[in-house]
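These are the residues of each chain, in order.
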Amino acid sequence: MAEKQLLEMEHISKEFPGVKALQDVQFGLRAGEIHALLGENGAGKSTLIKVLTGVESLDSGTVLLDGQSIHVNSPHEAQQVGISTVYQEVNLCPDLTVAENIYIGREPMKGKRIDWKSVNKKAAELIKDFDLDIDVDVKLDNYSVAIQQMVAIARAVDVNAKILILDEPTSSLSNAEVEKLFGIMRVLRDRGMGIIFVTHFLDQVYEVTDRITVLRNGSYVGTYETANLPKVELIGKMIGKEYSELNITPHAGGEDSSKPDLVKTQNLSGANIQNVSLNLKHGEVAGLSGLLGSGRSETARLIFGADKTLAGNISMDGKEVKIKDPLDAIRLGIAFCPEDRKKEGIIGELSIRENITIALQAKRGLGKKISRKEADEISA
């Protein structure tokens with residue numbers, strides 16, 4: 001692994017009203033390494049990334065890139081100096097094609113006009129490197145969140161960057177897609193790029209990273225060689241407790257086989273899936289596994305009534321039920337956290353309190369309005 005210091009962040013502090021988000025934090029990235037940035041929610045990872053990419057201004061501290069001090073005031077400036085970022089939430093244009101999203105703002109030109117033939121050809125070649133079989137001339141919104149994430153990564157990789165920041169890039173990817181991404185990350189590392197990998201999946205950290213930096217409560221804990229830091233010690237550093245202090249109870253399985261199946265589907269079919277039969281017991285956690293596009297999300301949407309059922313039936317506790325829409329599912333005690341939580345799971349114009357209680361209000365009906373006092377208690 002190369003020893004050249006590509007990025008040096010020293011004594012970084014950032015304060016918001018009433019919150020010290022970062023306190024005297026340091027972070028270093030070598031050329032030709034994959035470096036994990038870890039910590040619990042609220043540890044300061046996102047704020048540090050936002051300071052580095054110009055989304056937020058730092059209150060104090062220095063940032064050196066290739067030994068030269070930089071002051072980045074916007075994501076565009078960050079990209080100009082060679083820092084490219086892929087966020088957990090896909091920041092692309094859904095109404096543009098895949099090719100347009102990849103080359104927007106840097107399209108190949110023929111005279112004074114965009115060379116669309118070249119745009120589509122280059123985009124198709126880039127997407128092929130990711131082993132994605134998609135039409136780059138189709139609007140991005142026609143593809144799943146997972147594919148959109150891969151397109152965002154492809155765009156970031158194609159930009160001539162020295163540093164690539166991947167913020168939870170695998171959260172919407174299947175195991176096969178994760179392996180493809182890791183292969184690309186290793187190739188970029190071998191070419192001398194520095195990669196900052198932000199994730200909650202510790203197994204992935206040990207699979208692909210060279211070093212780990214841990215933040216806790218906005219403060220720097222330490223930087224470690226991945227190979228020399230056991231996972232239990234890493235967890236202890238993240239939460240501030242030694243392994244011996246943790247109260248860990250192994251899972252013994254809580255399913256109750258004495259009752260009928262809590263949920264059972266028989267030959268369930270919708271627009272994109274056919275003849276899915278599964279059963280879920282009381283007290284059981286069941287996983288739906290499969291490749292991208294295999295129908296996992298579609299199956300969940302059918303059970304919740306978000307998509308129309310064309311054939312088959314659903315039973316709960318041994319009795320067949322009719323779920324024509326999400327409200328039917330809610331009244332039966334079924335909750336759903338969708339794949340695209342920002343688009344389908346919350347209403348951004350409403351408060352946190354209103355988002356938390358809106359499904360319960362729908363379940364009760366308009367005649368039994370939740371009082372402000374009860375809503376405050378529920379959301380608290």
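See the structure printed just above.
Residues numbered from 1 in each chain as written. Predicted model: local features only at pLDDT ≥ 70, side-chain atom pairs only at ≥ 80, totals over all residues. Heavy atoms only, no water.

Undergrad: Report on the sheet that holds strand S14 (residues 276–280), specifying residues and quantitative values.
TA: An order of S14-S13-S15-S16 is seen for the four strands of this open sheet, with the pairing classed as antiparallel. The open sheet is flanked by S14 and strand S16 (319–321), the only strands paired with a single partner. Strand-to-strand twist of the sheet, defined as the mean angle between neighbouring strand axes without regard to direction, takes the value 20 degrees. One ladder, built from four bridges, connects strand S13 (residues 263–269) with S14; its direction is antiparallel. Counted as the bridge partner of Val263 is Leu280 from S14. Each of S13, S14 and strand S15 (311–316) is contacted by helix H9 (residues 296–304), which is oriented at about 110 degrees to S13, the strand it contacts most. (Pairing = 2+ DSSP bridges. Helix = DSSP H or I, 4+ residues; strand = E, 2+ residues; numbered from the N terminus. Axes fitted to C-alpha atoms, helices over the stretch in contact; angles between N-to-C directions. Contact = heavy atoms within 4.5 Å.)

Undergrad: Residue-level account of the nonpolar core, with values.
TA: In terms of nonpolar packing, the biggest core is built from 40 residues, with Val98, Ile127, Phe130, Val151 and Met185 touching the most fellow members. Contributing elements (two or more residues each) for this core: helix H3 (98–103), helix H4 (116–129), helix H5 (145–158), strand S9 (163–167), helix H6 (175–190) and strand S10 (194–198). Of all the elements, H5 adds the most residues to this core, at nine residues. In this structure, Val151 is in contact with Leu92, Val98, Ile102, Ile127, Ile134 and Leu140, ignoring residues within four places of it in sequence. Counting 26 residues, the second-largest nonpolar core is a separate cluster that includes Leu22, Leu48, Val63 and Leu215. (Core = buried A, V, L, I, M, F, W, Y, C linked by side-chain atoms within 4.5 Å. Buried < 20%, exposed > 50% of the residue type's maximum accessible area, 1.4 Å probe, protein only.)

Undergrad: Account for the packing of helix H12 (residues 352–364) against helix H13 (residues 372–379), naming residues and giving values.
TA: Put simply, H12 and H13 touch, their axes get as near as 9 Å, and they point 115 degrees apart. The crossing of H12 and H13 is right-handed. Here H12 contributes Arg353, Ile356, Thr357, Leu360 and Arg364 to the contact with H13, which in turn contributes Arg372, Glu374, Ala375, Asp376, Ile378 and Ser379. Taken together, the residues of the contact of H12 with H13 sort by class into four nonpolar, two polar and five charged. (Left-handed = near helix turned anticlockwise from the far one by under 90°. Nonpolar A, V, L, I, M, F, W, Y, C, P; charged D, E, K, R; others polar.)

Read these as layout, nothing more, since geometry by itself doesn't imply function.
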